[in-house]
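Residue-level structure breakdown
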Amino acid sequence: TNMAVHALNKAARPAESLNAGTILAIVNGSISDNTIKGKSDMGLFINVPQQILVLGESKDFGRCSAHNCTTWLDKRTGEKC
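Parameters and conventions
- Residues numbered from 1 in each chain as written.
- Predicted model: local features only at pLDDT ≥ 70, side-chain atom pairs only at ≥ 80, totals over all residues.
- Heavy atoms only, no water.
- Helix = DSSP H or I, 4+ residues; strand = E, 2+ residues; numbered from the N terminus.
- Buried < 20%, exposed > 50% of the residue type's maximum accessible area, 1.4 Å probe, protein only.
- Contact = heavy atoms within 4.5 Å.
- Areas by Shrake-Rupley, 256 points an atom, 1.4 Å probe, with all protein chains shown as cover.
- Phe/Tyr/Trp six-rings, centres within 6.5 Å; stacked < 30°, edge-to-face > 60°.
- pLDDT = per-residue confidence, 0-100.
- Patch = residues over 30% accessible without salt bridge, like charges linked within 9 Å, V, L, I, M, F, W, Y side chains within 5 Å.
- Salt bridge = Lys/Arg side-chain N within 4 Å of Asp/Glu carboxyl O.

**Remarks on the overall build of the protein chain**
Helix and strand content of the protein chain: two helices and seven strands. Secondary structure elements of the protein chain, listed N to C terminal, follow the sequence β-α-β-β-α-β-β-β-β. Relative to its full complement of 81 residues, the protein chain shows a buried share of 15%. Taking the intrachain contacts of the protein chain between residues at least 6 apart in sequence as the baseline, contacts between residues at least 24 apart amount to 50%. Accessible area for the protein chain stands at about 6100 Å²; split by element, carbon and sulfur atoms hold 50% of it.

**Remarks on the packing of aromatic side chains**
Counted according to the given criterion, the structure contains one aromatic pair. With 4.9 Å between their ring centres and 10 degrees between their planes, Phe61 and Trp72 make a pair best called stacked. A residue pair is termed long-range when its members are at least 10 positions apart, and Phe61 in strand β6 (residues 61-63) and Trp72 in strand β7 (residues 72-74) qualify at eleven residues. You can call Trp72 partly exposed: its relative accessible area is 41%.

**Examining the confidence of the model for the protein chain**
Across the protein chain, pLDDT averages 80, with 83% of residues at or above 70. Model confidence for the protein chain, summarised as mean pLDDT per element, is weakest for helix α2 (residues 33-36) at 62 and strongest for strand β5 (residues 52-57) at 90.

**Looking at the environment of Ala7**
The residue Ala7 is located in strand β1 (residues 3-7) in this model. Each C-alpha atom of the pair Ala7 and Gly29 lies 9.5 Å from the other, and the pair is 22 residues apart in sequence. In this structure, Ala7 is in contact with Ala12 and Ile46, ignoring residues within four places of it in sequence.

**Re a nonpolar patch on the surface**
Together, Ile23, Val27, Leu53 and Leu55 make up an exposed nonpolar region whose accessible area comes to about 330 Å². Here Val27 shows up in the loop between β2 (22-26) and β3 (30-31). Given the relative accessible area of 32%, Val27 is considered partly exposed.

**Re unusual backbone geometry**
In most cases, non-glycine residues show a negative phi, while peptide bonds are predominantly trans. We note that Asn28 has phi near 55 degrees; this positive angle belongs to a residue other than glycine. Of the residues examined, Asn28 reaches a relative accessible area of 66% and is grouped as exposed. In the Ramachandran plot, Asn68 falls in the positive-phi region, its phi being about 60 degrees despite a non-glycine side chain. Among the structural elements, Asn68 can be located in the loop between β6 and β7.

So, in structure tokens, the structure goes:
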């Protein structure tokens, strides 16, 4: 399932410096009207930076190490896709 997260105004600033693989908790996000009406996948709105909590970083999430490959992968299964 896909989920869109929309960080509004000042709420987006802390998220701009996050790396891929960062594990987040979203606290008290507002559910998108389109989600409630069944018109789209799940969506959340974040209004203030305090709604984004950084829990840690995944040690197993990364990119393929093959030359010129940019595929994301689970490093527990290997370094190349």
